[in-house]
Amino acid sequence: MTDYSRLVKAYDIRGEVPTRLDPVIAERIGALFIRLTRAPRVVVARDMRATSPELAAAFAAGANSAGPT
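Residues numbered from 1 in each chain as written. Predicted model: local features only at pLDDT ≥ 70, side-chain atom pairs only at ≥ 80, totals over all residues. Heavy atoms only, no water.

Caption draft 1: Local environment of the layout of surface pockets. Quantified by volume, the largest pocket comes out at close to 900 Å³. For the lining of the largest pocket, the elements supplying multiple residues, two or more each, are α1 (23-37) and α2 (52-65). The element that contributes the greatest number of residues to the lining of the largest pocket is α1, accounting for six residues. Looking at side-chain class alone, the lining of the largest pocket contains 19 nonpolar, four polar and six charged residues. (1 Å grid on protein atoms, 1.4 Å probe; cavity = no way out; pocket = protein on both sides within 12 Å on 5 of 7 lines; lining within 4 Å. Points joined across faces, edges and corners; volume = space filled by probe spheres on them. Helix = DSSP H or I, 4+ residues; strand = E, 2+ residues; numbered from the N terminus. Nonpolar A, V, L, I, M, F, W, Y, C, P; charged D, E, K, R; others polar.)

Written as structure tokens, this is what we have:
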């Protein structure tokens, strides 16, 4: 089981890829984010790291899977 408290900070999510943060975890976090916030829309941004596109897409997929609020 993932210890999300080690990943989720006050203003961002941080973790070593892929040992602590991977696309599966990013997708779960995306779904949980929507369930917890009930946000009707979310903007997903990323930086220039090679792993960012895959993690951003996984987060977005998780957020979309949570369905409309």
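Caption draft 2: Geometry of the environment of D22. With respect to the helices, strands and loops of the structure, D22 is situated in the segment before α1. One polar contact links the side chain of D22 to the main-chain amide nitrogen of V24, over a distance of 3.1 Å. (Polar contact = N/O pair within 3.5 Å; in protein donor to acceptor, adjacent residues only side chain to side chain.)

Caption draft 3: Here's a closer look at a nonpolar patch on the surface. Taken together, the side chains of F33, V42 and V44 make up a nonpolar region of the molecular surface, amounting to roughly 200 Å² of accessible area. Here V42 lies in the loop between α1 and α2. On the basis of relative accessibility, which here comes to 32%, the residue V42 falls in the partly exposed class. (Patch = residues over 30% accessible without salt bridge, like charges linked within 9 Å, V, L, I, M, F, W, Y side chains within 5 Å. Areas by Shrake-Rupley, 256 points an atom, 1.4 Å probe, with all protein chains shown as cover. Salt bridge = Lys/Arg side-chain N within 4 Å of Asp/Glu carboxyl O. Buried < 20%, exposed > 50% of the residue type's maximum accessible area, 1.4 Å probe, protein only.)

Caption draft 4: Region of interest: the side chain of S52. Looking at the element boundaries, S52 is found in helix α2. We classify S52 as buried; its relative accessible area is 9%. Aside from chain neighbours lying at most four places away, what touches S52 is R46 and D47. (Contact = heavy atoms within 4.5 Å.)

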